[in-house]
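The residues making up each chain are set out below.
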Amino acid sequence: MKSKADVVIIGGGVNGCSLAYRLAKKGLDVVVVEKKYLSSGATGACGAGIRQQWSTRENASLAIQSVKIFEQLSKELGQDIEFRQGGYLIAVHDEKEMKQVEKNVAMQRSLGLKVAILKPEEITDVVPILDVKGMRAIGATFCPTDGHANPFKTTFAYADAARRLGAEINTHTTVTDVKTTQKAIRAVVTDQKTIQTSVVVNAAGIYSKSIAEMVKIKLPLCPFRKEIMATERLQPLFEAMVISFRDGIYFSQQKEGQIVGGIPISEEKVGYKTMPTFAFLQYMAQTLTRYAPILKHINLLRHWTGFYDVTPDARPILGEVKEVKGFLQCNGFSGHGFMISPMVSKLLTDLIADGKTSEELENLSLERFKSKKIEKELSVVG
Ligand SMILES: Cc1cc2nc3c(=O)[nH]c(=O)nc-3n(C[C@H](O)[C@H](O)[C@H](O)COP(=O)(O)OP(=O)(O)OC[C@H]3O[C@@H](n4cnc5c(N)ncnc54)[C@H](O)[C@@H]3O)c2cc1C
């Protein structure tokens, strides 16, 4: 393990690994420290949907630019990350929601996104197994270029490419302290070795809050336990991810045929509890079969939990903090950190390697929480 690096990244999830790849490509000496195995955090638990339909400009813009990167990422990294564009169909349930949707779609179209507002009778043209009455939908939006990728394959492909470019990735190694001198980063202490560095990126998912406390920075992050399930493999039935912000449900059919999806339940609690619940299974089965009655007789194979690292406005915290030179945030993804990881790593690389900032990084800095006027992302489940 190296004892010196240009940049130390804490966390071997999709964000840490994608950033390691981009920084190494710029010729920087990068070390990643991951306490378990790559993808062991939220990344390995996630639904890995890739959606560009957001209510805030930053999220939409980050996702749109990320899709452009995803489209050629398998080729760039030399491994198939199973990126597919089956679209996202978002159910709309009442006039109030429709008004917000119209605003969102106008903003998304102004960024160049092709997104349609569907009448109820058009919904089954996109996802034939849906029961529009059962869904209680008055319409939907559909963006055909939204999609899905494999979160494990994406993370491993980034890590392999980063290693080929000289990055060092240490798994089963825990960061225990971050040292500063005169309000600037000096070193990262791990349970194996201390690494001298002037730049630390905090990409530790829900544990980013405790990493920041090591240098006396308070992050407004909250761990939300989420449950998710996968069914047995079925023949191909539909291509799009189906989602409802009101019901909180999301589900899609994977390449191998399983249906993967989740829904928030009232028992869902803030905290680090990983125990899955029977209440989730019951509620998920009830809602899923209300949306798609044809799925009533299929078998559920497995069910697991993961965590969202949620911020007060459901938008990530990115970039250098004012109080400690060289201490950068890459966390607070609030349930959508997989889909924007390509662009997040690009913007952070521009900042670290070239000192170039961007409107997105400015608007998503920790500083924004000092202002009373924060714009909340509304297009979220749970
Ligand atoms: C059920 C569920 C469904 C989701 N669905 C989607 C979706 O459809 N689309 C989407 O875009 N996003 C989704 N998300 C969110 C997405 O998974 C996360 O936003 C994203 O994976 C975050 O990646 P990350 O690399 O920032 O963090 P993580 O993957 O959490 O990685 C952080 C890593 O830091 C490590 N770490 C922590 N502390 C230390 C330490 N002290 N020392 C060393 N290492 C440490 C952890 O072990 C972990 O591996 C979902 C999340 C869940 C839980």
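Quantities reported herein were computed from a predicted structural model and do not represent experimental measurements.

S.K.: Can you help me understand the nonpolar core in this one?
M.R.: As a rule of thumb, soluble globular proteins bury nonpolar side chains together. Counting 65 residues, the largest nonpolar core has I9, I50 and V201 as the members making the most contacts within it. At seven residues, the largest contribution of residues to this core is made by helix 1 (residues 14–25). In terms of domain composition, this core takes at least three residues from each of domain 1 (7–46 + 152–221 + 312–370) and domain 2 (88–144 + 222–310). Apart from residues lying up to four places away in sequence, V201 is in contact with V7, V8, I9, I10, L19, L328, C330 and I352.

S.K.: I tried to follow empty space enclosed by the protein on my own but got confused; where do I start?
M.R.: Empty space left among the atoms is revealed by rolling a probe the size of a water molecule over them. For the structure shown, the criterion picks out one cavity of 30 Å³ or more. When its volume is computed, the largest cavity comes out at roughly 50 Å³. Around the largest cavity sit ten residues that line it, and K226, E227, Y250, I263 and P264 are the ones nearest its centre. Looking at the lining of the largest cavity residue by residue, the classes come out as five nonpolar, two polar and three charged.

S.K.: I tried to follow the sheet that holds strand 2 (residues 30–33) on my own but got confused; where do I start?
M.R.: In a beta sheet, neighbouring strands pair by backbone hydrogen bonds and run either parallel or antiparallel. A sheet is described by the order of its strands in space; here six strands give the open sequence 8-2-1-12-19-18, paired in mixed fashion. Each edge of the sheet is formed by a strand with only one pairing partner; in this case those strands are strand 8 (168–170) and strand 18 (317–320). Ignoring which end each strand starts from, the neighbouring axes of this sheet average 20° apart. Examined bridge by bridge, strand 2 and strand 8 share three bridges and lie parallel to one another. Residue pairing for strand 8: V31 is matched across the bridge by E168. Contacting strand 1 (7–10), strand 12 (200–202), strand 18 and strand 19 (327–331), helix 11 (residues 341–354) crosses the sheet at an angle of about 175° to strand 19.

S.K.: When you look at the sheet that holds strand 6 (residues 139–143) in this model, what are you seeing that I'm missing?
M.R.: An order of 5-6-4-14-15-16-13-17 is seen for the eight strands of this open sheet, with the pairing classed as mixed. At either margin of the open sheet sits one strand with a lone partner, and together these are strand 5 (116–118) and strand 17 (300–310). Here the strands of the sheet are splayed against their neighbours by 20° on average, with no regard to which way each runs. Across four bridges, strand 15 (residues 250–253) lies against strand 16 (residues 259–262) in antiparallel orientation. From the neighbouring strand, Y250 faces strand 16, where its bridge partner is G262. Each of strand 4 (88–92), strand 5 and strand 6 touches helix 5 (residues 95–110); the most contacted strand, strand 5, lies at about 155° to it. Seen against the sheet, helix 10 (residues 278–291) touches strand 13 (222–231), strand 14 (241–244), strand 15, strand 16 and strand 17 and runs at an angle of roughly 60° to strand 13.

S.K.: Sorry, what's going on with the domain arrangement of the chain here?
M.R.: One widely used convention gives an interface's size as the accessible area the parts lose upon coming together. Domain boundaries assigned for the chain yield domain 1 (7–46 + 152–221 + 312–370) and domain 2 (88–144 + 222–310). One C-alpha centre belongs to domain 1, the other to domain 2, and the line joining them spans 30 Å. Each partner contributes to the interface: domain 1 provides 16 residues, whereas domain 2 provides twelve residues. Overall, the association of domain 1 and domain 2 removes approximately 1000 Å² of surface from exposure, summing both partners, and the carbon and sulfur fraction of that is 61%. The largest share of the area that domain 1 buries against domain 2 comes from A45, I206 and L221, three residues that together contribute 49% of it. The interface formed by domain 1 and domain 2 holds zero salt bridges in total. Where domain 1 touches domain 2, the interface holds four residue pairs in polar contact (both at pLDDT 80 or more).

Conventions and cut-offs
Residues numbered from 1 in each chain as written. Predicted model: local features only at pLDDT ≥ 70, side-chain atom pairs only at ≥ 80, totals over all residues. Heavy atoms only, no water. Core = buried A, V, L, I, M, F, W, Y, C linked by side-chain atoms within 4.5 Å. Buried < 20%, exposed > 50% of the residue type's maximum accessible area, 1.4 Å probe, protein only. Helix = DSSP H or I, 4+ residues; strand = E, 2+ residues; numbered from the N terminus. Domains from an automatic or database assignment. Contact = heavy atoms within 4.5 Å. 1 Å grid on protein atoms, 1.4 Å probe; cavity = no way out; pocket = protein on both sides within 12 Å on 5 of 7 lines; lining within 4 Å. Points joined across faces, edges and corners; volume = space filled by probe spheres on them. Nonpolar A, V, L, I, M, F, W, Y, C, P; charged D, E, K, R; others polar. Pairing = 2+ DSSP bridges. Axes fitted to C-alpha atoms, helices over the stretch in contact; angles between N-to-C directions. Buried area = accessible area lost by both parts, 1.4 Å probe. Salt bridge = Lys/Arg side-chain N within 4 Å of Asp/Glu carboxyl O. Polar contact = N/O pair within 3.5 Å; in protein donor to acceptor, adjacent residues only side chain to side chain.

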